[in-house]
Amino acid sequence: MGCQSCTERKTLPSGKTYSHNGIGITLEHFLHSRYKVSDVEMLQSAAKKYNVTIVEGHVHPHHPQFLAIREKLQTGIIGDIVSISGKFDYDFKGNYDRVVLRPEFSGGALWTLGCYPVMFALSLLDTVPQTVTGFKRDEKSGVDGVFHGLMKCSDGVLVNIAASMMTPMTTDFEITGTKGLIRANKPRCYHPDDVADNSFELHVDGQAMEEITTDKIHPFTAEVVAFEDTILDGRPEKLSLELSKKVVATIVALYESANQNGAPVAVKI
């Protein structure tokens, strides 16, 4: 099993090298490397050609918190999903030596922080937005310090995401349905761990709010176990390259829209 840093573009050739040698690999947050859809498709081709597993390293799709949220949605308890909103702010203000604030290292609010609510939403919806609009505020380093985006899916669901590297830490994720909503707003809702409160709120129309608490486990334990299950037991990946490709296509379209002052852009995949 291999793991590659998310901070440099060399993630892609390393993934190719591991797969060529018949080794399964989890690429830690390659979304931060400003991938294109064609890059992910190349990894898919390598995985198929050499019969190996290549997955992106994102912790939340494997964590009990996310699995519990998805299970609640599948019961239909909040009805049909109408909209999803997600926010991830983290204060990097003034520290321009940080990789995330440097364009040569693929920095930026959307790639660094906004990828979390985008991934979270698309993991639950299992779809690709049809059209997106985005707005950003660039910082003196040349990267987007703040990004806001709106996505419209084929089934009419609207997804709103916001990310900022210039404001105090705030994380929030909310799924609104025709009969209620689910809200995760603890400090680490996109990166649950074995220390913080991993609970989320369930609001059903006409009922008292229910706070649901999930198991506390190390953020990477479930990810590694899931990877082992796929490698050793042949179980399907919980985070497939196909999903990663959808996320990359969405982020690329959001940036394209923001560079056109919010003009609607179709997601190309």
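As the structure is a prediction and not an experimental result, all values here were calculated from the model. Position numbers for residues count from 1 along each chain, tracking the sequence in the order it is written. For this predicted model, a pLDDT threshold of at least 70 governs which residues receive local features, and a threshold of 80 or more governs which side-chain atom pairs are given and counted, while totals over whole chains, interfaces and linings are taken from all residues. Only hydrogens and water are set aside; all other atoms, that is, all heavy atoms of the structure, feed into the side-chain values.

1. What to know about the overall build of the protein
Move 1: Helix and strand counts for the protein come out as six helices and twelve strands.
Move 2: The contact rule is simple, with two residues in contact once any of their heavy atoms fall within 4.5 Å. The contacts of the protein with a sequence gap of at least 6 include a subset with a gap of at least 24, amounting to 69%.
Move 3: In short, Shrake-Rupley with a 1.4 Å probe defines the accessible areas, and a residue's cover is counted only from the protein chains shown. Total accessible area computed for the protein in this model is approximately 12,100 Å², and 50% of it derives from carbon and sulfur atoms. Helix and strand definitions follow DSSP, with helices as H or I runs of at least four residues and strands as E runs of at least two, each counted in order from the N terminus.

2. Structural notes on the nonpolar core
Here is a general trend for soluble globular proteins: nonpolar side chains tend to be buried in one another's company.
Move 1: Nonpolar cores are built from buried Ala, Val, Leu, Ile, Met, Phe, Trp, Tyr and Cys residues. Side-chain atoms within 4.5 Å join them into one set. With a 1.4 Å probe rolled over the protein chains alone, any residue whose accessible area is under 20% of its type maximum counts as buried; one over 50% counts as exposed, and the rest are partly exposed. Ranked by internal contacts, the top residues of the largest apolar core, which has 67 residues, are I69, V159, M165 and I175.
Move 2: Tallying contributions element by element places helix α4 (residues 109–125) first for this core, with 13 residues.
Move 3: Leaving out residues up to four positions away in the same chain, I175 has contacts with I69, L73, I78, I81, S83, I84, L124, G180, L181 and I182.

3. Notes on α4
Move 1: Multiplying 1.5 Å by the helix residue count minus one yields the expected span of that helix. Look at α4: 23 Å from first C-alpha to last across 17 residues, which is about the 24 Å you get at 1.5 Å a residue.
Move 2: Across the 17 residues that make up α4, a large majority, 17, are buried.
Move 3: One or two steps after α4, the chain reaches D126, where phi turns positive at roughly 55°.

4. Thoughts on the sheet that holds strand β11 (residues 210–212)
In a beta sheet, neighbouring strands are held together by backbone hydrogen bonds and run either parallel or antiparallel to one another.
Move 1: At least two bridges found by DSSP between two strands is the condition for calling them paired. With respect to topology, nine strands assemble into an open sheet ordered β11-β10-β9-β8-β4-β7-β6-β5-β12, the strand pairing being mixed. Looking at which strands have only one partner, the edges of the open sheet turn out to be β11 and β12 (265–266).
Move 2: Sheet topology note: the strand β8 (residues 170–177)/strand β9 (residues 180–184) ladder contains four bridges and is antiparallel. From the neighbouring strand, E174 faces β9, where its bridge partner is R183.
Move 3: All axes here are fitted lines through C-alpha atoms, helices being fitted over the stretch that makes contact, and every angle between N-to-C directions spans 0 to 180 degrees. Where α4 meets the sheet, its contacts fall on β4 (81–89), β5 (129–138), β6 (144–153), β7 (158–164) and β8, and the angle it forms with β7 comes to roughly 155°.

5. Looking at the confidence of the model for the protein
Move 1: Every residue gets a pLDDT, meaning the predictor's confidence in that residue, from 0 to 100. Here the protein averages 83 in pLDDT, and 85% of its residues register 70 or above.
Move 2: The weakest mean pLDDT in the protein belongs to strand β1 (residues 2–4) at 38; the strongest belongs to β12 at 98.
Move 3: Taken together, the stretch residues 1–19 has pLDDT below 50 and engages in 54 contacts with residues farther than four places along the chain or on a different chain.

6. Examining the pattern of salt bridges
Move 1: Take a side-chain nitrogen of Lys or Arg and a carboxyl oxygen of Asp or Glu: if they are within 4 Å of each other, that pair is a salt bridge. Under the definition given, this model contains nine salt bridges.
Move 2: Of the charged contacts, one joins E242 and K245 as a salt bridge, the two residues approaching to 3.6 Å between their closest N and O atoms. Taken as a pair, E242 and K245 lie in helix α6 (residues 241–259) at a separation of three residues, close to a single helical turn.
Move 3: For K245, a relative accessible area of 9% corresponds to the buried category.
Move 4: One salt bridge in this structure joins K268 and E256, with 3.7 Å as the shortest N-O distance.

7. Let's talk about the side chain of S257
Move 1: With respect to the secondary-structure elements, S257 resides in helix α6.
Move 2: For this analysis, a polar contact is any N or O atom pair within 3.5 Å, provided that within protein one partner can donate a hydrogen and the other can accept it, and provided that sequence-adjacent residues contribute only side-chain to side-chain pairs. At 2.8 Å, the side chain of S257 and the backbone nitrogen of G134 are in polar contact.
Move 3: Apart from the residues within four sequence positions on either side, S257 is in contact with V132, T133, G134, G262, A263 and V265.

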